[in-house]
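Structural overview for review
Spelled out from the first residue to the last, the chains are:
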Amino acid sequence: MNQSIQNPSSSATFPPPCLSSASRIPKSSLLFPRAISTSQRICRCIGVQMDACVNSNVPKNSVVAKYSSGWSEIQSSNLKQSLNKYSLPLRALFTSKNQDVSSKPLVGDEKIGVLLLNLGGPETLEDVQPFLFNLFADPDIIRLPRLFRFLQKPLAQFISVLRAPKSKEGYASIGGGSPLRRITDAQAEELKKSLCEKNVPAEVYVGMRYWHPFTEEAIEQIKRDGITKLVVLPLYPQFSISTSGSSLRLLESIFREDEYLVNMQHTVIPSWYQREGYIKAMADLIEKELEKFDNPEKVVIFFSAHGVPLAYVEEAGDPYKAEMEECVDLIIEELEKRKINNSYTLAYQSRVGPVEWLKPYTDETIIDLGKRGVKNLLAVPISFVSEHIETLEEIDVEYKELALKSGIEKWGRVPALGCEPTFISDLADAVIESLPYVGAMAVSNLEARQSLVPLGSVEELLAVYDSQRRELPAPVTVWEWGWTKSAETWNGRAAMLAVLVLLVLEVTTGEGFLHQWGILPLFR
Ligand SMILES: C=CC1=C(C)c2cc3[nH]c(cc4nc(cc5[nH]c(cc1n2)c(C)c5CCC(=O)O)C(CCC(=O)O)=C4C)c(C)c3C=C
Ligand SMILES: [Fe+2]
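If you're wondering where the values come from, they're calculated on a predicted model, not measured in any experiment. Here the residue index of a chain counts from 1 through its sequence in written order. Following the order in which they are written, the chains are lettered starting with A and the ligands numbered starting with 1. Totals for whole chains, interfaces and linings use all residues, but because this is a predicted model, local features are given only for residues with pLDDT of at least 70 and pairs of side-chain atoms are given and counted only at 80 or more. The side-chain figures draw on all heavy atoms in the structure; neither hydrogens nor water molecules are used.

Turning our attention to the overall build of the protein. Under the scheme used here, helices are H or I runs from DSSP no shorter than 4 residues and strands are E runs no shorter than 2 residues, and both carry numbers assigned from the N terminus. Secondary structure summary: the protein contains 19 helices and 8 strands in total. Whether a residue is buried, partly exposed or exposed follows from its accessible area with a 1.4 Å probe, protein chains only, as a fraction of its type maximum: under 20%, in between, or over 50%, in that order. Per-residue burial for the protein yields a buried fraction of 56% across its 524 residues. Counting only contacts in the protein whose residues sit at least 6 apart along the sequence, the fraction spanning at least 24 positions is 80%. Accessible surface, the protein: about 23,100 Å² in total, of which carbon and sulfur atoms supply 55%. In what follows, a contact means two residues having at least one pair of non-hydrogen atoms within 4.5 Å. The Shrake-Rupley method, run with a 1.4 Å probe, gives the accessible areas here. Residue values count only the displayed protein chains as cover.

With that settled, consider the packing of aromatic side chains. Under the pairing criterion, centres of Phe, Tyr and Trp rings, with the six-membered ring standing for Trp, must be within 6.5 Å; the plane angle then separates stacked pairs below 30 degrees from edge-to-face pairs above 60, leaving the rest tilted. Within this structure, the stated rule accounts for 6 aromatic pairs. Summarising the aromatic geometry, the rings of Phe 131 and Tyr 210 are spaced 6.5 Å apart at their centres and angled 80° between planes, so their arrangement reads as edge-to-face. Remark: Tyr 210 occurs in the loop between strand E2 (203–208) and helix H7 (215–224) and Phe 131 occurs in helix H4 (residues 128–136); sequence separation between them is 79 residues. Here Phe 131 and Tyr 210 have matching classes, each one buried.

Angles run from 0 to 180 degrees between N-to-C directions of axes, and those axes are lines fitted to C-alpha atoms, restricted for helices to the stretch in contact. The N-to-C vectors of H7 and helix H8 (residues 241–256) enclose an angle of 45°; their axes lie 11 Å apart at closest approach. Relative to H8, H7 is oriented oblique. For the element pair H7 and H8, the recorded crossing hand is right-handed. Side by side, H7 and H8 meet where Thr 215, Glu 216 and Ile 219 of the first sit next to Leu 250, Leu 251, Ile 254 and Phe 255 of the second. Following the grouping adopted for this structure description, the nonpolar residues are Ala, Val, Leu, Ile, Met, Phe, Trp, Tyr, Cys and Pro, the charged ones are Asp, Glu, Lys and Arg, and the polar ones are all others, Gly among them. Of the residues contributing to the contact of H7 with H8, the split by class is 5 nonpolar, 1 polar and 1 charged. Each angle receives one of four descriptions, namely roughly parallel if under 35 degrees, roughly antiparallel if over 145, roughly perpendicular if within 65 to 115, and oblique otherwise. Left-handed describes a crossing in which the near helix is turned anticlockwise from the far one by less than a right angle; the clockwise case is right-handed.

What follows covers the site of ligand 1. Taken together, 29 residues are adjacent to ligand 1, and Arg 163, Ser 167, Tyr 171, Ser 178 and His 306 come closest. Take Arg 163: an N or O atom from its side chain is 2.9 Å from an oxygen atom of ligand 1. Between ligand 1 and Ile 389 there is a distance of 3.1 Å, counted from an oxygen atom to a backbone nitrogen or oxygen. Contact with the protein chains hides 96% of the accessible area of ligand 1, taken as 800 Å² for the molecule alone. In these notes, residues near a molecule or strand are those with any non-hydrogen atom within 4 Å of it. Polar contact is defined as a pair of N or O atoms within 3.5 Å, subject to the rule that within protein one atom must be able to donate a hydrogen and the other to accept it, and that residues adjacent in sequence are counted only when both atoms are side-chain atoms.

We now examine the pattern of salt bridges. Opposite charge on two side chains allows them to pair when their charged atoms are near. The working definition used for a salt bridge is a side-chain nitrogen of Lys or Arg within 4 Å of a carboxyl oxygen of Asp or Glu. Applying the stated criterion across every chain, the model contains 24 salt bridges. Glu 289 serves as the salt-bridge partner of Lys 292, at 3.2 Å between the closest nitrogen and oxygen. Linking Glu 387 and Arg 413 is a salt bridge whose minimum nitrogen-to-oxygen distance equals 2.9 Å. You can see Glu 387 sitting in the loop between strand E7 (376–381) and helix H14 (389–405) and its partner Arg 413 sitting in strand E8 (residues 410–413), a full 26 residues away along the chain. Given a relative accessible area of 15%, Arg 413 falls into the buried group. If you follow the salt bridges from partner to partner, you end up with Asp 284, Glu 287, Glu 334, Lys 337 and Arg 338 in one network.

Attention now moves to the sheet that holds strand E5 (residues 300–306). Any two strands with at least two DSSP bridges between them are considered paired. Ordered by their spatial adjacency, 4 strands build an open sheet running E6-E5-E7-E8, and the pairing between neighbours is parallel. Taken across any chain shown, the strands that pair with only one partner, and hence form the sheet edges, are strand E6 (344–349) and E8. Each strand of the sheet is rotated relative to its neighbour by a mean of 25°, with strand direction disregarded. Sheet topology note: the E5/E7 ladder contains 5 bridges and is parallel. Following the sheet pairing, Val 300 is matched in E7 by Leu 377.

On to the sheet that holds strand E3 (residues 229–234). Pairing in this open sheet of 4 strands is parallel, and the strands run E2-E1-E3-E4 from one edge to the other. Both outer strands of the open sheet, E2 and strand E4 (265–268), are each paired with one neighbouring strand and no more. With strand direction ignored, the average angle separating the axes of adjacent strands in the sheet is 20°. Pairing analysis gives 6 bridges linking strand E1 (residues 112–118) to E2, with the strands arranged parallel. Bridging from a neighbouring strand, Leu 115 pairs with Tyr 205 of E2. Along the sheet face, H8 touches E1, E3 and E4 and points at about 130° away from the line of E1. Across the sheet, helix H15 (residues 421–434) is in contact with E1, E3 and E4; its angle to E3 comes to roughly 135°.

Structure, rendered in structure tokens:
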């Protein structure tokens, strides 16, 4: 792959305005053992990330990451994988030979669309189980070994039915459904207004991964509206395989099969946690909440991020943890500039299932802080920009209760960003800055279908992501062949799983061996 960068010629478009500020280069996050060029720094600071800009005299394996203080060390191989995988859309754009992005008008006759990707949430209690089914049926959430892929849907059915009562309780306690759709729609509306004020008229669409309006519905509307340029913007500040990755994978499959979309120009903003506007907006919210404490300087700032299974980071190279840590560093730097020098910590919440998730866990950390005599805690939800069940129920109710029991005397919580104007305006800037690059990789329908030439950024992003991605261990696997203890254990578990699935299928469909043999139903 061509590793050199060909700067588009016009200073008006390269580097885009967001790249030019040195202040965006995080001070403490990554150490590069070899000299790093300006272009590398420029790429790094918008999340294109370093490997996008690596040139031939920097060996790939020379990338080492180590946080200067506080955080645990990140394995260089994981970081390298992450940099490789997620930097592609803009690498493709920088190396595109066919089109000079500087000569293209931002809007012109084009109809611009912005597709906001988000998770989606059940709107009523009846929606909870089918919503959970959609979530667990996603192979980016539960990845089974190839041999067991056929069990994905029965397993999703099984887990969703088992989990639904607990989830329903949670949703009932926050008013009977998720506020996510309402908030995301409001963000879309505000983003549209902000783009218009910045002289970039655009339609903004919402595509949810697991509930209405589904991504497929948004795409249908985009086609009906005749959009010619699309900016894909996942509403997750940090990239994870399980969130933005999953939505982009879905989008890729939709694009691949559609005449209209194959030809539509698009680009993806894979993550944007490092943008100045976002960091400032987060710092503003924290500063404001700190003022509500009697002694603001004594408050421990507690960043709580949604967790992911550890294997995502360690086996599959998910950049989520690295991005999260860097994001916290940037917010802390911004606070320090404002002379706010509080202690802080980062922990991961909301784990599901039996496998190990990213640590430290939020609940254990709260207990630990209590034991260490911390009296004032300010919780900052960091992985998501809307209020949702995990802020309104898990943080506001469960963790608050735990904190008070653990000896914390005063508890506060920073609200999610929602429609906060600095944040929305920054999202609008991110969209505008990406426009010169939209479609730089688009190829004709014919080429795309005949030679598997990448369709554009979504596919390009995922192709590399897949080519380097090792198989994620399933929630409970790593298979060993032979008559080993592990094999016995896993064979046993697989057999139990198969029996359970068959039982569930029998009970739900009313057909199967037990019915044939007259064992079920038990009571006629
Ligand atoms: C960055 C944010 C998120 C990551 C990473 C993430 C990974 C992840 N989530 C689950 C399982 C569940 N998530 C659920 C709800 C949920 N998840 C996120 C965000 C991230 N998930 C949000 C914003 C929400 C709430 C949506 C809402 O309705 O308000 C749920 C359902 C709720 C519950 O039962 O607890 C599950 C289950 C996994 C397994 C995972 C990584 C593999
Ligand atoms: Fe989740």
